[in-house]
Amino acid sequence: FSPEEATMICFLPGLYPVSCETRGSDLKQDEVLVLCPPDCLQVRPSVFGSDVYAAISSICGAAVHRGILGPSGGPVRLQKQQGRRSYVSSYANGIHSQALHQWTASFHLSKTVDAPLELTNSARATAQPAATRPGKEHSTHTTNKLTTTHTNTDCQMDIAIIMDSSSNIGQRRFNLQKNFVTKLAAMLRVGPTGPHLGLIQTSDSPRTEFLLTNFTKPKELLFAIKELKYLGGDTNTGKAIMHAAEVFFTPGNGVRRGHPRVMMVLIDGWPSDDVERAAMLARESGINVFMVSVSKPAAEELSMVQDKDFLKKAVCKDNGFFSYSIPSWFSNNKHVRPLAQRLCSLDDLLCSKTCYNSVNIGFLIDGSSSVGWQNFQLVLDFLAGIAQSFDISDVGAHIGAVQFTYEQRVEFGLLDHSNKEDAVRALRRISYMNGGTATGSAISYATQNLFRQAARGRNYLIVITDGQSYDDVQGPAMAAQRQGITIFSVGVAWAPMKELLDMASEPKDKHTFFTREFVNLSEFIQPLVRGICQAFTENN
């Protein structure tokens, strides 16, 4: 802005100057015109969500992310909204917004000044009576202009459509299937800040036709679908699901961090191969598998179906939501809208949450004199290896650590580090205490000071010790487990097996680890990670 225009901005009635760090929750007004300073991109503001932002987001950071605020700063209008169950991350204008599971309040931003001419008109509007709220008509007009878009910003999913291109379906029904997928894609309304859609064809071997980021404009996407060629061959649906889980849904192929992953599998008849193992991998990878069955096997054809329960075994969850039946390709129009609504139903996508991005892990570390400084470093390496396996972030997995002797010390809490690098660095920097061993008191301390919020099925405590405790461990361990904390006990050297079993959750053999040598601890990293994920899956 020129000096004259900047002066006009400063004298807009009701304009509230804020800093780059000011959050939506810092303001009391439900609707307010704020003035952002320049160069907010340089301070790396925290932003949660896309289009609609969680109230803990930086206002000016969100404005840059939304594309309504440039490097020179300026005014934006903030409107508070109700909280949401989920805020989706996205990358735009130099800012990577983060995902957030839930927050109590939100805000939406709109541009109030588009150009110097409009700025001058807004400044002139200061002559209006106070009751008229200066600039309101202009602001509303601009907001409407910005939000009139074909992109469905309420459906920020990464969607893989697996089409049946086997000999089962034939050329004619394949063309009808293409028409159906074209209508569904049009209904989804893809765009850079909306759903992304890629496509795989099922045949003898799966074939990726296009990736999630190849077509983010509706016209280009619909043209690409219409150009698909029929392949023929076997209905190897299991191979196609496995290909999507292992190859298609990867960051290098355009998967967006924090966006729910959805796989919609179309099948005409029944699969030629096994789908159960592939579907299990997809679920463990956080992919929501929908099965759309067309022309189910007739009674006389059932003898040819290898697995009659393939639909139940393939879906994310066998609750009716992830299975959809279409009687015939000749009457599919009425199924487009309800299916699109299911694919975009964020709260019902149960497989998006995995152990890797949802757990709280507390490390309870024996710092007694029998461990020794060198072995203590091996313990920290072991715990860092476990931490490296999880997606640690503000809104993902969290780790915390308590060291104990006769005393206890919180090294860092579950919410102290917002990314994996900082958390692992803090873990490796823990200084060795040196003292006695009171494991029972340490468990009680960690229960009260690390796991302050109940999150049944999500809280895990890994206790590592090399000797006998001077106090009772069973009582504190049982109390922690009653609060929903799952305990894994790891013993080294002279740690008594009875105490390890007394501390561990049921089944004891799956939650207890022991080795004579500290150098062997690294062998427990993957079994422990698998144990946490198995427990998470069972509890959630």
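An unreviewed UniProt entry lists the protein chain under the name Cochlin, with Nothobranchius furzeri given as the organism. Within the UniProt record for the protein chain, the comment given under Subcellular location (unreviewed entry) is "Secreted".

Student: Please clarify how the overall build of the protein chain should be interpreted in this entry.
Tutor: In terms of regular secondary structure, the protein chain is built from 16 helices and 20 strands. Residues counted as buried form 52% of the 540 residues belonging to the protein chain. Within the protein chain, residue pairs in contact and separated by at least 24 positions form 76% of the contacts whose partners lie at least 6 positions apart. Total accessible area on the protein chain is roughly 24400 Å²; 50% of this is exposed by carbon and sulfur atoms.

Student: What is the right way to look at the state of the cysteines in this model?
Tutor: Working definition of a disulfide: a covalent bond connecting the sulfur atoms of two cysteines. The tally for this structure, following the rule as stated, stands at five disulfides. Through a disulfide, Cys 20 is tied to Cys 40; the S-S separation comes to 2.1 Å. Negative torsions about the S-S bond denote left-handed disulfides, and the value of about -85° found for Cys 20 with Cys 40 makes this one left-handed. Note that Cys 20 is positioned in the loop between β1 (15-17) and β2 (31-36) and Cys 40 in the loop between β2 and β3 (49-50), a separation of 20 residues in sequence. The exposure classification of Cys 20 matches that of Cys 40, with both residues buried. What pairs with Cys 355 in a disulfide is Cys 533, and their sulfur atoms sit 1.8 Å apart. Of note, the bridge from Cys 355 to Cys 533 carries an S-S torsion of about 60° and is right-handed in sense. On the criterion of sequence distance, the pair formed by Cys 355 in the loop between α10 (336-343) and β15 (360-366) and Cys 533 in helix α16 (residues 525-539) is long-range, its members being 178 residues apart. Exposure class is identical for Cys 355 and Cys 533. Each is buried.

Student: How should I be thinking about the environment of Val 292 in this particular structure?
Tutor: On the secondary structure map, Val 292 appears in strand β13 (residues 287-294). Spatially, the C-alpha atom of Val 292 lies 8.9 Å from that of Leu 311, the residues being 19 residues apart in sequence. Filtering out sequence-adjacent residues up to four positions away, Val 292 remains in contact with Met 264, Val 265, Leu 266, Ile 267, Tyr 324, Ile 326 and Leu 339.

Student: How should the packing of helix α13 (residues 439-449) against helix α14 (residues 474-482) be read in this particular structure?
Tutor: Between two packed helices, both the angle of their axes relative to each other and the distance between the axes serve to describe the pair. Between α13 and α14, the least distance of the axes is 8 Å, while the angle of their chain directions is 20°. The pairing of α13 with α14 is recorded here as roughly parallel in orientation. With respect to the hand of their crossing, α13 and α14 are arranged in left-handed fashion. Facing α13, whose interface residues are Gly 440, Ile 443, Ser 444 and Thr 447, α14 presents Pro 476, Ala 477 and Ala 480. Within the contact of α13 with α14, the residues separate by chemical class into four nonpolar, three polar and no charged.

Student: Would you explain the pattern of salt bridges in this entry?
Tutor: Pairs can form between side chains of opposite charge once their charged atoms are near each other. Evaluated as defined, the whole model comprises 11 salt bridges. For Asp 268, the salt bridge identified is with Arg 173, shortest N-O distance 3.0 Å. Of this pair, Asp 268 sits in strand β12 (residues 261-268) while Arg 173 sits in helix α5 (residues 170-188); the two residues are 95 residues apart in sequence, bridging distant segments of the chain. Take Asp 268: its relative accessible area is 3%, and that puts it in the buried class. With a relative accessible area of 28%, Arg 173 lands in the partly exposed category. A salt bridge links Asp 502 to Lys 498; the shortest N-O distance between them is 2.9 Å. Taken together, the residues span about one helical turn, with Asp 502 and Lys 498 both in helix α15 (residues 497-503) at a distance of four residues. Take Asp 502: its relative accessible area is 15%, and that puts it in the buried class. Residue classification places Lys 498 among the exposed positions, given a relative accessible area of 59%.

Student: I would appreciate a short explanation of the sheet that holds strand β9 (residues 158-164) in the present structure.
Tutor: Sheets are built from strands that pair by backbone hydrogen bonding, the pairs being arranged parallel or antiparallel. The strand order across the open sheet formed by six strands is β11-β10-β9-β12-β13-β14, and the pairing between neighbours is mixed. Whereas interior strands pair on both sides, the edge strands pair on one side only; in this sheet they are β11 (207-210) and β14 (323-326). Each adjacent strand pair in this sheet contributes to an overall mean axis angle of 20°, direction not counted. In this structure, β9 lies alongside strand β10 (residues 196-202), joined through seven bridges in parallel fashion. The residue of β10 that forms the bridge with Asp 158 is His 196. Each of β9, β10, β12 and β14 touches α5; the most contacted strand, β9, lies at about 165° to it.

Student: How should the packing of aromatic side chains be read in this particular structure?
Tutor: Two aromatic rings, taken as a pair, are described by how far apart their centres are and by the angle between their planes. On inspection of all chains with the given rule, the structure shows 12 aromatic pairs. Between the aromatic rings of Phe 210 and Phe 215, the centroid separation amounts to 5.2 Å while the plane-to-plane angle is 80°, which identifies the pairing as edge-to-face. Look at Phe 210 and you get buried, because its relative accessible area is 3%. Given the relative accessible area of 23%, Phe 215 is considered partly exposed.

Student: How should the side chain of Ser 203 be read in this particular structure?
Tutor: Turning to its location among the elements, Ser 203 is positioned in the loop between β10 and β11. Among the residues examined, Ser 203 registers a relative accessible area of 7% and is labelled buried. Contacts of Ser 203, omitting those with residues within four sequence positions, involve Leu 231, Gly 232, Gly 233, Asp 234 and Asn 236.

Student: Would you explain helix α11 (residues 373-388) in this entry?
Tutor: Think of an α-helix as turning once every 3.6 residues; residues three or four places apart then point the same way. For α11, with 16 residues, the first-to-last C-alpha span of 23 Å sits near the 22 Å given by 1.5 Å per residue. Where α11 is buried, its residues touch β15, β16 (398-404), α12 (420-428), β18 (459-465), β19 (485-492) and α16.

Student: When you look at α13 in this model, what are you seeing that I'm missing?
Tutor: Along α13, the residues classified as buried are Thr 439, Gly 440, Ala 442, Ile 443, Ala 446 and Thr 447. Viewed along the axis of α13, the buried residues span an arc of 160°, placing them on a single side of the element.

Conventions used here
Residues numbered from 1 in each chain as written. Predicted model: local features only at pLDDT ≥ 70, side-chain atom pairs only at ≥ 80, totals over all residues. Heavy atoms only, no water. UniProt positions renumbered as here; feature names shortened; annotations may be inferred. Helix = DSSP H or I, 4+ residues; strand = E, 2+ residues; numbered from the N terminus. Buried < 20%, exposed > 50% of the residue type's maximum accessible area, 1.4 Å probe, protein only. Contact = heavy atoms within 4.5 Å. Areas by Shrake-Rupley, 256 points an atom, 1.4 Å probe, with all protein chains shown as cover. Disulfide = S-S within 2.5 Å. Axes fitted to C-alpha atoms, helices over the stretch in contact; angles between N-to-C directions. Parallel < 35°, antiparallel > 145°, perpendicular 65-115°, else oblique. Left-handed = near helix turned anticlockwise from the far one by under 90°. Nonpolar A, V, L, I, M, F, W, Y, C, P; charged D, E, K, R; others polar. Salt bridge = Lys/Arg side-chain N within 4 Å of Asp/Glu carboxyl O. Pairing = 2+ DSSP bridges. Phe/Tyr/Trp six-rings, centres within 6.5 Å; stacked < 30°, edge-to-face > 60°. Expected span 1.5 Å × (residues − 1). Arc of directions from axis to C-beta.

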